Amino acid sequence: MLSPERLALPDYEYLAQRHVLTYMEDAVCQLLENKEDISQYGVARFFTEYFNSVCQGTHILFREFSFIQATPHNRASFLRAFWKCFRTVGKNGDLLTMREYHCLLQLLCPDFPLELTQKAARIVLMDDAMDCLMSFSDFLFAFQIQFYYSEFLESVAAIYQDLLAGKNPNTVIVPTSSSGQHRQRPPLGEASMLEGVEASQFSQCLENLCDRHKYSCPPPALVKEVLSNVQRLTFYGFLVALSKHHGINQALGALPDKGDLMHDPAMDEELERLLAQVPGLVNSATANPEAGCLPSRTPPRVGSPWRPLHHARKVDAESDGSTEETDESET
Amino acid sequence: MIPGKYRSVSGRAANNVNCGLHLVIQTSSLPEKSKVEFKLNKETPSFSGRLLQHDLERNYSSRQGDGRVISPSPRNKSSCISSTTNVTELCGLEMKTAMSSLSAFGDSSIQTPSKSRIRQGCHSAGPNVSGDHITLASSSMPSFPILQRSSEEKILYSDRLTLERQKLTVCPIIDGEEHLRLLNFQHNFITRIQNISNLQRLIFLDLYDNQIEEISGLSTLRSLRVLLLGKNRIKKISNLENLKSLDVLDLHGNQITKIENVGHLCDLRVLNLARNLLSHVDNLSGLDSLTELNLRHNQITFVRDVDNLPCLQRLFLSFNNISTFESVCCLADSSSLSDITFDGNPIAQESWYKHTILQNMTQLRQLDMKRVTEEERRMASVAAKKEEEKKRESHKQSLLKEKKRLTINNVARKWDLQQHRISSIAPNQDRKVSDCPQDPSQLRGSTVSAFPEETGSLDSGLTSALQGLSVTDTHLVEVDGDTLSLYGSGALESLDRNWSVQTAGMVTTVSFTFIEFDEIVQVLPKLKIKFPNSLHLKFKETNLVMLQQFNALAQLRRVDQLTVDPQGNPVVNFTLWKYYVLFRLSHFSMQKINGTEVTQNDMIMAERLFGILAHVASSELPQYRLISILGDARKKQFRYLLETKGKKPGLVNEENSDSKRLVGENTNRATLNYTTRDFYNERLEEIKEKKKFCKMYMEDLVKEATEINMKNEALQKLWPQMFIELVRDAVIEIRNKNSYMKLCLQQITDQK
């Protein structure tokens, strides 16, 4: 309550900026919605539960998209929930299409917009072949960047376009939400000739952007670090670099490191318990959980026919199937 | 049988008629050699026995009757002469009887070894007898030999001349034989009919087995009654214009493709066109006396004009290409026809053949050489009636099928249109379903066809309930055995109908086609109640696109099998869909998905993939949310139950416990439910409203709070100073003790 920032702003703005209002509004809204049920066990109890769940990040489960994306905390919570729930899918080694990932997202958020998933897939696939299969980790990290920094990325796209066009973006008012037209990637010929934009210039622009951006953006130092490694880069190259940067992942704090992505002992334990309850299932799973685990991690999956194709598709992305690492991490 | 018949006929002829013309038909063992003997005789009845035997002796054993030839027997020279009138009259009369019976059997095989033995003798003796006395002298003309007979020969056989097997290549010029009545050129090599135009009294002309290519040179033979041209090379029936009194015309074994130029032969009784190349029968009008028509061994596919033959009694159509009764249906209109053969035609292979023929041709006495018995006729009529019924039924069925097909097409078109529209415009819910009036008779018919075992209960008041199939233009509902098929969204309304308990109980498979899945979701509770035994759900073209849509199926009572056709259901392309279904609907312990057996491994995999989702959903959800999500489902059920209450209290109770069981069974996945897009959007709208209100409310509240806070803070800030000031004021006031005391006392006294 006594942080110096607090004194810099009027109370109301401070609360709004800290999204306290969002949660209070939502709490009241939920209360309103479930009046009858809640009145049975007390309004105080409800508020306790509500704010507890907000702290734990479970408040976004099965909520509407507008709420899920309302605050950075909600976004991080959603990312974490997605990871938690479908880690097993990734662990199983299945490569899925963008639509299928979208379906999984919709299981948690029924009105999750397709556009976001598409954008995330574009980061992974680097081209418009949207029917390609993606590994869970590739998708998840790309999705994290796209979802969490969605507004920031739109601004970046606008800046990138301006740079490509030779304009000085700093004089241009950066569009925040209505920058759909900037989303198109540069024509192939131009891109191959120029190979994107110069990193230093781009970096400067982004620094400026980070300074005045009112939405959350990745730590400027890390962005600088990403950009300092190369001379020139394309927009998608930048996004891929962002998504692969584990510092950014750490700063975001929603997901574990890539190496630990498939690692969640608490849930694994829970899963074993659940597997033991599968109706009609006999001792195989319970008596010998390792044996039960085997099919999920079998190497044949890695070597299955569509694997090479997948590799060829995303040479640019330099993304190896994360499965190898997964195996590493699990052993 | 055949010889017996033959015997009786010839015997009768001999017995009853003093002056008899005997036609003896012999069929040789070789088809082309079969032979008919034509005898003129004038005998006493007592002599007939001998004659008969005599005849029989010279009969060649016969096998195939197509090559029938009528020839004068050279042996009966003395006895067969009679007056001209007699001959012609009898010829007509007797031939009719004899020919008719004989030709009827002529085709069937007659195997009599003894006769074939006799034949040898005949060959050596018979034809040569006359030949011995004939001198064929070369004429002055280069190619025509001139025939001359000795005078005694002439006296002996004044009216007949037999030139069998003389290796003739042309007709010889026959001089001074103007009174000839019979002329036999059998088995020669004659290519053209010539040099006989002077024989104007000729009654019988036999040119069997020659090489004649065209009928010609007969225009002067006005009295010709029997013309035998079998086994030649004739391609066309022609040049018979003047032969008005022709009685028998044998053209078998030629190359005739078409019946023509015979309309003027009003006296013709027998026409033999067997073994030709006829493809159909036509142009028969004018043959007013025709009693027998032999058309065996052609390629006839249809028969017309037979009903224009007033006297036709025997028609032989064996070994042709007739395959339907329709192609010979004119036969049914012939009142005179009593004997017909169809053997060797495709039609005779049909199961309906006999009774159809008998039913349509009641006048028949013989069919395929067998007598038609009364019993057969009766059976035929019964069978025909059955056949008719069956036909009607099948027609109705095919009509129904066609209508079904059309309707489905229509629904599919609508669906396509709608899909297109959905992709371009926002989904529009007020689709019009215009039910067109249904044809009640058809409805009834289809009901019968769909539930043959329930026809008995049709009139038991359940008629309206038993709607096996109702066809409308925009949707289709069909019950076929245990399958209820719904096409088009309008078909969902049928679930509101009062289905009979029996029907409803029987349905185990429900198939949805061309229906938006979201619409199906809305009727699932109804489906559960109306068709409690439905175990197998089929979806095709239902726009299943998301895994979460399967959540909706969890509310059903039981699902053993699920079939989701990839057509129009993109969700099937996902690798995970099967596992998700298994996971979400695990409480059904499903047996088959898309026809494949569900294995234990599938179940484990499903649990492995999605178990955590369920766990997270159930354990990490704040309690108020859990209650509200579960409550939603429960509330929904209750709302529906309230609606149906009163009607079927028993069902409701059952339902109640069922839903409880359901909820109890899988609380951890009950949170994963599906609300249809429209409903969800509605809810979002609602939430938006509430949010707006909450926002305003909170804004006010927070503003108030911050204001209070601000005031409080300001006060807090001022308070120490104020306190000091207050204290200072007080101290200053009491600094001069005396004056202060005075003041105080003053105040007290003032008060009083």
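All chains use their own residue numbering, which begins from 1 and follows the written sequence. Whichever chain is written first becomes A and whichever ligand is written first becomes 1, with later ones labelled in order. Local features in a predicted model are, by the rule used here, given only for residues with pLDDT of at least 70; side-chain atom pairs are given and counted only at 80 or more, and totals for whole chains, interfaces and linings are based on all residues. Think of the side-chain values as coming from all heavy atoms in the structure, minus any hydrogens and water.

(A) Main features of the overall build of chain A. A run of H or I in DSSP counts as a helix once it spans at least four residues, and a run of E counts as a strand once it spans at least two, with each numbered from the N terminus. The number of helices and strands found in chain A is 22 helices and 2 strands. Here's how the labels work: a residue is buried when its accessible area is under 20% of the maximum for its type, exposed when over 50%, partly exposed in between, all with a 1.4 Å probe on protein chains only. Counting all 331 residues of chain A, 52% fall into the buried class. Pairs of residues are marked as contacts when any of their non-hydrogen atoms sit within 4.5 Å. Summarising the internal contacts of chain A: among those between residues at least 6 apart in sequence, 67% fall at separations of at least 24. The protein chains shown are the only cover counted for residues, whose accessible areas, like all others here, come from Shrake-Rupley with a 1.4 Å probe. Of the roughly 14900 Å² of accessible surface on chain A, 55% is carried by carbon and sulfur atoms.

(B) Here's a closer look at the pairing of strand β24 (residues 536–540) of chain B. Residues and elements named next belong to chain B. At least two DSSP bridges between two strands are required for those strands to pair. Bridge count for strand β23 (residues 509–513) against β24 is 5 bridges, and the pairing is parallel. Looking at the pairing, threonine 513 lines up with lysine 540 of β24. Tracing the backbone out of β23, into helix α10 (residues 517–530) and back to the parallel element β24 gives a crossover that is right-handed. As paired elements, β24 and strand β25 (residues 561–564) share 4 bridges and run parallel to each other. Bridge pairing links phenylalanine 539 to valine 564 in β25. Crossover handedness is defined by viewing with both strands directed away from the observer: a clockwise path from the first strand over the helix to the second marks the crossover as right-handed.

(C) Molecular detail of the layout of surface pockets. Only protein atoms enter the 1 Å grid used here. Points where a 1.4 Å probe fits but cannot escape make up a cavity, open sets with protein on both sides within 12 Å along at least five of seven lines make up a pocket, and a residue lines them when an atom lies within 4 Å of a point. Grid points are joined across faces, edges and corners, and a volume is the space filled by probe spheres set on the points. Space inside the largest pocket adds up to approximately 1300 Å³. In terms of lining, the largest pocket is formed by 48 residues, of which the most central are Pro110 of chain A together with Thr675, Thr676, Tyr680 and Asn681 of chain B. Within the residue set of the lining of the largest pocket, elements represented by two or more residues are α3 (20–33), α4 (35–41) and α8 (98–108) of chain A together with α13 (623–644) and α16 (677–734) of chain B. If you tally residues by element for the lining of the largest pocket, the top one is α16 of chain B, at 9 residues. Classes in brief: Ala, Val, Leu, Ile, Met, Phe, Trp, Tyr, Cys and Pro nonpolar; Asp, Glu, Lys and Arg charged; the others, Gly included, polar. Classifying every residue of the lining of the largest pocket by side-chain character gives 18 nonpolar, 12 polar and 18 charged.

(D) View of the interface of chain A and chain B. Facing the 61 residues of chain A at the interface are 50 residues of chain B. For the pair chain A and chain B, the two sides together bury roughly 5200 Å², of which 67% comes from carbon and sulfur. When the buried area of chain A at its contact with chain B is split by residue, Glu25, Phe62 and Leu107 of chain A rank highest and sum to 11% of it. Salt bridge criterion: a side-chain nitrogen from Lys or Arg within 4 Å of a carboxyl oxygen from Asp or Glu. Run the count over chain A and chain B and you get 2 salt bridges. In this structure, lysine 84 of chain A and glutamate 620 of chain B form a salt bridge, with 2.8 Å as the shortest nitrogen-oxygen distance. Between N or O atoms, a polar contact is any pair within 3.5 Å; within protein, one atom must be a potential hydrogen donor and the other a potential acceptor, and residues adjacent in sequence are included only when both atoms are from side chains. At the junction of chain A and chain B, the tally comes to 8 residue pairs in polar contact (both at pLDDT 80 or more). It is α3 of chain A that contributes the most residues to the side of chain A that touches chain B, 8 residues altogether. Here the side of chain A that touches chain B is built from residues that sort into 31 nonpolar, 12 polar and 18 charged. What gets called buried area is simply the loss in accessible area from a 1.4 Å probe that two parts show on being joined, summed for both.

(E) Region of the structure containing the sheet that holds strand β8 (residues 182–184) of chain B. Spatially, β6-β8-β9-β10-β11-β12-β14-β16-β17-β18-β19 (chain B) is the arrangement adopted by the 11 strands of the open sheet, whose pairing is mixed. Taken across any chain shown, the strands that pair with only one partner, and hence form the sheet edges, are β6 (160–162) and β19 (370–371) of chain B.

(F) Summary view of the pairing of β25 of chain B. Residues and elements named next belong to chain B. Alternating residues of β25 divide into Leu562 and Val564, all buried, and Gln561 and Thr563, none buried. For β25 and strand β26 (residues 592–593), the ladder comprises 2 bridges, and the chain directions are parallel. Residue leucine 562 lies in a different strand from β26, and its bridge partner there is isoleucine 593.

(G) Examining the confidence of the model for chain B more closely. Residue and element names in this part refer to chain B. A score from 0 to 100, pLDDT tells how confident the predictor is in each residue. Mean pLDDT over chain B stands at 73; residues scoring 70 or higher make up 69%. Considering only residues more than four positions removed or in separate chains, one finds that residues 1–132, a stretch of pLDDT under 50, has 289 contacts. Low pLDDT, under 50, characterises residues 424–471; the stretch is placed with 76 contacts to residues that sit more than four places away or in other chains. Across the interface, the model reports ipTM at 0.76; the global pTM reads 0.58.

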